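Descriptive analysis of the structure
Residue strings, one per chain:
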Amino acid sequence: MTVSVQALLLFTGWAFLLVVTVFAYRGVALLTGTPITSWPRGSKNPNDPGFIQRVADAHANTLENLPIFAVLVLAAQAVGKPEVTASLAMYVVYARLGQSLVHILGVNTPLVLARATFWTVQLVCFGLMFYGLLA
């Protein structure tokens, strides 16, 4: 297994861990009397604590970038250029973890700027991967 595929699996595992965290919280809430209709699709539940709302948002952010990362890694594998993504793949994962953890911590200005910085690192890595695959 290449380092890029390992990184893709770590990225995916992180998305899974985030959604399991929200699921576990809501499962406990459901078992303690919260109606199952308390979490309508596409809307935030004001009854969820801020921490859980931020975990859910971090999960959504992770999912937004997962397809891009997956296509780049899998395309590199398919065309026989795994070296194009190998040097950057783990940086994508580290930046994703950083972005999610900062997001979960809070939403004040310094944290939002830190989160944006981690996202920028991911976007630069994606851009370099695209360039390497197309060159």
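The coordinates are above.
This report concerns the structure included in the present document. Bear in mind that the values here come from a model prediction, so they are computed numbers and not experimental data.

1. Considerations on the environment of V3
Mapped onto the secondary structure, V3 falls in helix 1 (residues 3-31). Under the relative-accessibility criterion, V3 is labelled partly exposed at 32%. Along the chain, V3 and D48 lie 45 residues apart, while their C-alpha atoms are 37 Å from each other. V3 has contacts with A86, A89 and M90, leaving out every residue within four places of it along the chain.

2. Topic: helix 1
For helix 1, which comprises 29 residues, the first-to-last C-alpha distance of 41 Å matches the rise-based estimate of 42 Å (1.5 Å per residue) to within 8%. Along helix 1, the residues classified as buried are S4, A7, L8, F11, W14, A15, L18, V22 and A29. On its buried face, helix 1 sits against helix 2 (50-78), helix 3 (82-105) and helix 4 (109-134). Positive phi appears at G33, one or two residues downstream of helix 1, with a value of about 115°.

3. Focus: the packing of aromatic side chains
If you walk through the whole model with that rule in mind, you get three aromatic pairs. With centroids separated by 5.2 Å and ring planes inclined at 50°, the aromatic side chains of F11 and F69 adopt a geometry described as tilted. Of this pair, F11 sits in helix 1 while F69 sits in helix 2, placing them 58 residues apart in sequence. Residue F69 is classed as buried on the basis of its relative accessible area of 0%. For the ring pair Y91 and Y94, a centre distance of 6.3 Å and an interplane angle of 90° mean the geometry is edge-to-face. Of this pair, Y91 and Y94 both sit in helix 3, three residues apart, roughly one helical turn.

4. Some thoughts on the packing of helix 2 against helix 4
Two elements in contact, helix 2 and helix 4, have axes whose closest approach is 10 Å; the angle formed by their N-to-C orientations is 30°. The orientation of helix 2 with respect to helix 4, classified from their angle, is roughly parallel. Between helix 2 and helix 4 lies a crossing whose hand is left-handed. Each of N65, I68, F69, L72, A75 and A76 in helix 2 lies in contact with helix 4, whose residues at this interface are W119, L123, F126, M129, F130 and L133.

What counts and what doesn't
Residues numbered from 1 in each chain as written. Predicted model: local features only at pLDDT ≥ 70, side-chain atom pairs only at ≥ 80, totals over all residues. Heavy atoms only, no water. Helix = DSSP H or I, 4+ residues; strand = E, 2+ residues; numbered from the N terminus. Buried < 20%, exposed > 50% of the residue type's maximum accessible area, 1.4 Å probe, protein only. Contact = heavy atoms within 4.5 Å. Expected span 1.5 Å × (residues − 1). Phe/Tyr/Trp six-rings, centres within 6.5 Å; stacked < 30°, edge-to-face > 60°. Axes fitted to C-alpha atoms, helices over the stretch in contact; angles between N-to-C directions. Parallel < 35°, antiparallel > 145°, perpendicular 65-115°, else oblique. Left-handed = near helix turned anticlockwise from the far one by under 90°.

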